[in-house]
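A look at the structure
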Amino acid sequence: MCRISLAVREFTVGPLTGRDTSLPVNELTLPALASLPAAIRTRQLSLNEAVSDVLRDVGPREAQLGLMDDRGFPMPMWWMDPITENPRVGDTEVWEIFNFTADAHPIHLHQVMFEVVNRQALATDAEGMTVAPATLAGPPVGPELWETGQKDTVIAYPGQVTRIKAPFDIAGLYVWHCHIVEHEDNEMMRPYRVAP
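These numbers were taken from a predicted model, which means no experiment stands behind them.

The rules behind each value
Residues numbered from 1 in each chain as written. Predicted model: local features only at pLDDT ≥ 70, side-chain atom pairs only at ≥ 80, totals over all residues. Heavy atoms only, no water. Buried < 20%, exposed > 50% of the residue type's maximum accessible area, 1.4 Å probe, protein only. Helix = DSSP H or I, 4+ residues; strand = E, 2+ residues; numbered from the N terminus. Pairing = 2+ DSSP bridges. Axes fitted to C-alpha atoms, helices over the stretch in contact; angles between N-to-C directions. 1 Å grid on protein atoms, 1.4 Å probe; cavity = no way out; pocket = protein on both sides within 12 Å on 5 of 7 lines; lining within 4 Å. Points joined across faces, edges and corners; volume = space filled by probe spheres on them. Nonpolar A, V, L, I, M, F, W, Y, C, P; charged D, E, K, R; others polar.

Things to note about the pairing of strand β8 (residues 160-167)
Counted residue by residue, β8 has six buried out of eight residues, so it is predominantly covered. Where strand β4 (residues 92-99) lies against β8, seven bridges are found, and the strand directions are antiparallel. Note on β8: the bridge partner recorded for Glu96 is Arg163. Where strand β6 (residues 115-121) meets β8, six bridges bridge the pair, whose relative direction is antiparallel. From the neighbouring strand, Arg119 faces β8, where its bridge partner is Thr162.

A word on the sheet that holds strand β5 (residues 105-109)
Pairing is antiparallel in the open sheet, where four strands are placed in the order β7-β5-β9-β10. Both outer strands of the open sheet, β7 (153-156) and β10 (189-194), are each paired with one neighbouring strand and no more. Put simply, the sheet's adjacent strands are angled 25° from each other on average, direction ignored. Where β5 and β7 come together, four bridges link them in antiparallel fashion. For Pro106, the partnering residue across the bridge sits in β7 and is Ile155.

Overview of the layout of surface pockets
One number sums up the size of the second largest pocket: a volume of about 180 Å³. Around the second largest pocket, the lining comprises 14 residues; the ones closest to its centre are Leu33, Ala34, Glu115, Gly149 and Gln150. Its residues assigned to classes, the lining of the second largest pocket comprises eight nonpolar, four polar and two charged.

Here it is in structure tokens:
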């Protein structure tokens, strides 16, 4: 037998018992954002789909994270493959995320707050799928208004490379993954290690 218990908390708002020192919203100011240091390295990563039946062009079987080779081709990787993202504590890196899939993926890095640098269109086929080798097909476009500041998740759109800049400040073993549950539970998650 499975037993589930829930705790519900009730809040009762009563009359003010002292002087209200809060500021009106229009008088609030946020602290200035500190600029990240220059990146010491750029990593090229890929978002990939494996089809179920290539001969019959049946839909995707699974999505995978991976790397880009030096010729612009994606190299899909499995969870159990060796760790390839291994910054050191104090490193700041730019990650270029090339999307070779038909979907927009919310990419999340654990233990890191990053800034969205820009996005850039890639050459695509008639169906809008990124073709390999990846070729830039337009000027970089800055982040959306809601993407300014520190983030831990960014949407990587199909047919684009999404660039983020991340400072790695805490040693440990972490993961980066797609935040769509069906994707992260099916090979779209990779470990990364921040070395001391």
